Structure formats: structure tokens, C-alpha cells
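For reference, the chains in residue letters:
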Amino acid sequence: MRNNIIILLLLFILFSCSGGEKTNTGSSILGRMEDYKVKRVSPTQIAYQVEEMGAEISKALTADFAKQMKNVSAARGEELCQLKNITLIDSLSERYGLKIRLLGQPDIGSNNQLYVKEKEVLEAYADNAAKKLEMSDNIQKIGDSLFVYTSPIPYDKGVGKLCFSDDSGFAIWSIILKKSEVVKAINVKALREKNVK
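Reading the values: the criteria
Residues numbered from 1 in each chain as written. Predicted model: local features only at pLDDT ≥ 70, side-chain atom pairs only at ≥ 80, totals over all residues. Heavy atoms only, no water. 1 Å grid on protein atoms, 1.4 Å probe; cavity = no way out; pocket = protein on both sides within 12 Å on 5 of 7 lines; lining within 4 Å. Points joined across faces, edges and corners; volume = space filled by probe spheres on them. Helix = DSSP H or I, 4+ residues; strand = E, 2+ residues; numbered from the N terminus. Contact = heavy atoms within 4.5 Å. Buried < 20%, exposed > 50% of the residue type's maximum accessible area, 1.4 Å probe, protein only. Pairing = 2+ DSSP bridges. Core = buried A, V, L, I, M, F, W, Y, C linked by side-chain atoms within 4.5 Å. Disulfide = S-S within 2.5 Å. Axes fitted to C-alpha atoms, helices over the stretch in contact; angles between N-to-C directions. Arc of directions from axis to C-beta. Phe/Tyr/Trp six-rings, centres within 6.5 Å; stacked < 30°, edge-to-face > 60°.

K.L.:
Where do I start with the layout of surface pockets in this structure?
P.N.:
If a probe as big as a water molecule is rolled over the atoms, it shows which places are left empty. In this structure, the largest pocket spans a volume of roughly 290 Å³. Taken together, 16 residues form the lining of the largest pocket, with Gln49, Glu52, Met53, Glu56 and Tyr96 sitting closest to its centre. For the lining of the largest pocket, the secondary-structure elements that each account for two or more residues are α3 (43–69), α5 (87–96) and α10 (188–193). With seven residues, α3 is the largest single contributor of residues to the lining of the largest pocket.

What follows is the structure, encoded as C-alpha cells:
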């Protein structure tokens, strides 16, 4: 606590002695300091946050993609499938430092950029799609610093048919989250109120 007060005093002195035009930077500095505050979180809280973030992001992506697919030109359809010029993806990537991929059957054999766990999950989704089985979201931990949240896109959204030239028609969102960003997003007090410890 004492260190925080000393830092704030030093910053106050620095800005008050600058002699230039004064701006209200106190709130932005405090906001940034909150990001670096040590949080004590449990693995359960981290897993809960990954699930919450992943579900929210994949739902938003599916809804946004469906809107953009309506009456789409061939050129724009190709851009959509390559996730180019999509404002939502750009803003999510910037805000959370995450990576989003749109994957389908062809990626199993040809996409060398996939993590091993990501490829295994994709293969399981493809197998379930071939058998017309229900598919659900999945979380995989990659090392100590990443999580991969995968979410199948419902067949009726037409993403698989638009973006992949196979007959399965399935597609998934693969959202790669950094553990550090997940921890930053955790509101420990709110999770404790939900009895997530």
C-alpha cells in the first residue's frame, strides 16, 4: 500500500512540474495500475473466466458473421472466410490480445499453424459432424500461458458451406486466449459472490 502511495506522489510531482498544459491523466494511470495489481486467483476461477470469455466471444462472432453473410458478394465472402476486415475480430484481438481462427474439415490435413491439442479437438469435431452427433464447446490448456476455446458453429448458419469446400458443412471458432489476459479480466469479488473459488 505504501509503495502505491509513493508511486502516486512521484507521478503527481512529475505531472505538476511539467509546466505544460495539464490533462487529467490520473484516472488512466490508476486504471493501468489496476491491470498490474497482483491478483490471487485459483485454477477454478481461471477456468471459469476462460469459459465465460470464450462463450461470449464465440456467440458474438457467430451473430456478427451471420449478419455479414447476408447478400454477400463472392469477394467479400472470401474475405469473411479468411477473417479479413472484420471490425469485431480486430477490436477483440486488440482488447484481449487473443487470436481467432475459423476452422473446418480441410484444416485437419493442411493447416500447419494449429497447436497439437487444437488439431486433436478439430479431428473430434469432424468425426462428430460425420456421425451427426451433437457438438459442444471445448477448452484446452496449451502450456502454462495459453488456452484454446473451441466452439462449433451451428450448421444452419451456413458458415461451413460458405467457407469450406467439403460436404460436412461444419465449422468451428478457435479462440486462443493468453492466460495473463484472462487473469486481468477476472473480477475476484464477483466470482466469489457466484461461489466460484
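Right, picking up where we left off after that structure.
K.L.:
When you look at the side chain of Gln49 in this model, what are you seeing that I'm missing?
P.N.:
Position of Gln49 among the secondary structure elements: in helix α3. If we ignore the near neighbours within four places in the chain, the residues touching Gln49 are Val182, Ala185 and Ile186.

K.L.:
Explain the pairing of strand β1 (residues 99–104) here, please?
P.N.:
Two faces make up the sheet, and in a regular strand the side chains alternate between them. Counting buried positions along β1 yields five of six residues, so the element is predominantly enclosed. In this sheet, strand β4 (residues 171–178) lies alongside β1 in antiparallel orientation, the contact comprising six bridges. The residue of β4 that forms the bridge with Gly104 is Ala171.

K.L.:
Looking at this structure, I do not really get the nonpolar core. What am I missing?
P.N.:
Side chains that are nonpolar tend, in soluble globular proteins, to be buried together. Judged by nonpolar contacts, the single largest core of 33 residues is most densely connected at Phe65, Ile100, Leu102, Trp173 and Ile175. Counting residues in each nonpolar core, the second largest holds 11 residues, with Val121, Ala129, Met135 and Phe170 among its members.

K.L.:
How should the state of the cysteines be read in this particular structure?
P.N.:
Following the criterion strictly, the structure yields one disulfide and no others. Between the sulfur of Cys81 and that of Cys163 lies a disulfide, 2.0 Å long from S to S. Its torsion about the S-S bond being -80 degrees, the disulfide of Cys81 and Cys163 is classed as left-handed. Residue Cys81 is found in helix α4 (residues 74–81), and its partner Cys163 is found in helix α8 (residues 159–163); the two are separated by 82 residues along the sequence. There is no split in this pair, since Cys81 and Cys163 are both buried.

K.L.:
Whenever I open this one, the sheet that holds β4 confuses me. Can you help?
P.N.:
If you trace the four strands from one edge of the open sheet to the other, you get β1-β4-β3-β2, paired in antiparallel fashion. Only two strands of the sheet have a single neighbouring strand rather than two, namely β1 and β2 (138–142). Put simply, the sheet's adjacent strands are angled 25 degrees from each other on average, direction ignored. Bridge analysis of strand β3 (residues 146–153) against β4 gives eight bridges, and the strand direction is antiparallel.

K.L.:
Sorry if this is basic, but what is going on with α4 here?
P.N.:
It helps to recall that an α-helix has 3.6 residues per turn; residues three or four apart then point in one direction. Here α4 has its buried residues at Gly77, Leu80 and Cys81. Along the axis of α4, the buried residues cluster in a sector spanning 95 degrees; they form a single face. Every exposed residue of α4 that faces more than 90 degrees away from the buried side is listed here: Ala75 and Glu78. Elements in contact with the buried residues of α4: α3, β1 and α8. In the stretch just after α4, Leu83 is the one whose phi turns positive, near 60 degrees.

K.L.:
Please explain the packing of aromatic side chains as it appears in this structure.
P.N.:
We describe a pair of aromatic rings using the distance from one ring centre to the other and the angle between the two ring planes. Across all of its chains, the model carries one aromatic pair by this definition. Geometrically, the ring pair formed by Phe65 and Trp173 is edge-to-face, given 5.5 Å between the ring centres and 75 degrees between the ring planes. Taken together, the residues span a long stretch of sequence, with Phe65 in helix α3 and Trp173 in strand β4 at a distance of 108 residues.

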